[in-house]
Amino acid sequence: MRYLLRSIKYFFYLSFVLLLIILIFRLTGFIEGDVEYMFVHGYTSILYMALIVAAFAAIYPMLGYGKRNIRVTGENSEEKIINFMQSRHYILSDRTGENMTFRKTSLLDRIIKMGEDKVRFTKVFGGYSIEGITKDIVRLDSGLTQLFDSEGE
């Protein structure tokens with residue numbers, strides 16, 4: 001269900017960006033105002049663009065979101081993770097047992113990421129599984145690995 005919702009969000013987001021680009025071109029006079037002159041195949045081109053945007057929106061959640069496992073050692077690991085995430089501008093939004101969910105502190109970041117700014121930490125044997133936007137979890141994984149590896153030395 002989450003995958004479908006992300007796809008729908010990205011369809012509307014990409015459609016908005018495409019519409020904005022076309023509007024800018026129209027207002028600056030680079031293209032004519034009539035759809036038949038704007039695009040080679042007229043209104044059929046709009047259907048083709050919608051299909052291309054739908055294809056990108058359907059594929060992106062598969063590539064843009066992921067999971068990684070981190071090894072966590074030592075005492076007070078949850079507290080260290082919370083402090084680390086706060087230093088990266090995340091706040092703890094939900095805590096269920098040993099599982100934690102963080103959100104970005106900045107409203108602008110939340111808007112840009114269309115509400116998909118959550119990073120979920122799920123307790124697994126020997127550490128945590130991190131789930132979220134791939135770009136973000138790669139950065140967090142690197143920092144957390146360095147944090148916990150430096151303590152073990």
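Everything that follows concerns the structure shown earlier in this document.
Criteria and thresholds
Residues numbered from 1 in each chain as written. Predicted model: local features only at pLDDT ≥ 70, side-chain atom pairs only at ≥ 80, totals over all residues. Heavy atoms only, no water. Helix = DSSP H or I, 4+ residues; strand = E, 2+ residues; numbered from the N terminus. Expected span 1.5 Å × (residues − 1). Buried < 20%, exposed > 50% of the residue type's maximum accessible area, 1.4 Å probe, protein only. Core = buried A, V, L, I, M, F, W, Y, C linked by side-chain atoms within 4.5 Å. Contact = heavy atoms within 4.5 Å. Phe/Tyr/Trp six-rings, centres within 6.5 Å; stacked < 30°, edge-to-face > 60°. Lys NZ or Arg CZ within 6 Å of the ring centre and 35° of its normal.

### Notes on helix H3 (residues 43-64)
Compared with an ideal rise of 1.5 Å per residue, which puts 22 residues at 32 Å, H3 spans 31 Å between its outermost C-alpha atoms and is within 8% of the ideal. Residues of H3 that are buried include every one of Ser-45, Val-53, Ala-57, Pro-61 and Gly-64, and no others.

### Points about the nonpolar core
Within the largest apolar cluster, 17 residues are counted, with the highest numbers of intra-cluster contacts made by Ile-81, Met-85, Phe-102, Val-119, Phe-121 and Leu-144. Elements that contribute at least two residues to this core include exactly helix H4 (77-87), strand S3 (99-104), strand S4 (119-124), strand S5 (127-133) and helix H6 (134-152). Contacts of Met-85, omitting those with residues within four sequence positions, involve Tyr-90, Phe-102, Val-119, Phe-121 and Leu-140. Counting five residues, the second-largest nonpolar core is a separate cluster that includes Tyr-10, Ala-57, Tyr-65 and Ile-133.

### Considerations on the packing of aromatic side chains
A complete count under the given rule lists seven aromatic pairs for this structure. Note on Tyr-10 and Tyr-60: the rings are 4.6 Å apart at their centroids and 55° apart in plane angle, and the pair reads as tilted. Residue Tyr-10 is located in helix H1 (residues 2-28), and its partner Tyr-60 is located in helix H3; the two are separated by 50 residues in the primary sequence. Judged by centre distance (6.0 Å) and plane angle (80°), the ring pair of Phe-25 and Phe-30 falls under edge-to-face. By relative accessible area, which is 39% here, Phe-25 ends up partly exposed. Three or more aromatic residues joined by ring pairs form one cluster here, namely Tyr-10, Tyr-13, Tyr-60 and Tyr-65. The ring of Tyr-65 carries Arg-6 above its face, with NZ or CZ at 3.7 Å from the centroid. The ring of Tyr-90 carries Lys-104 above its face, with NZ or CZ at 4.6 Å from the centroid.

### Points about H1
Between the first and last C-alpha of H1 there are 39 Å, a value that for 27 residues agrees with the 39 Å anticipated at 1.5 Å per step. Among the residues of H1, Arg-6, Ser-7, Tyr-10 and Ile-22 are the ones counted as buried. Gly-29 sits one or two residues past H1 and shows a positive phi near 85°.

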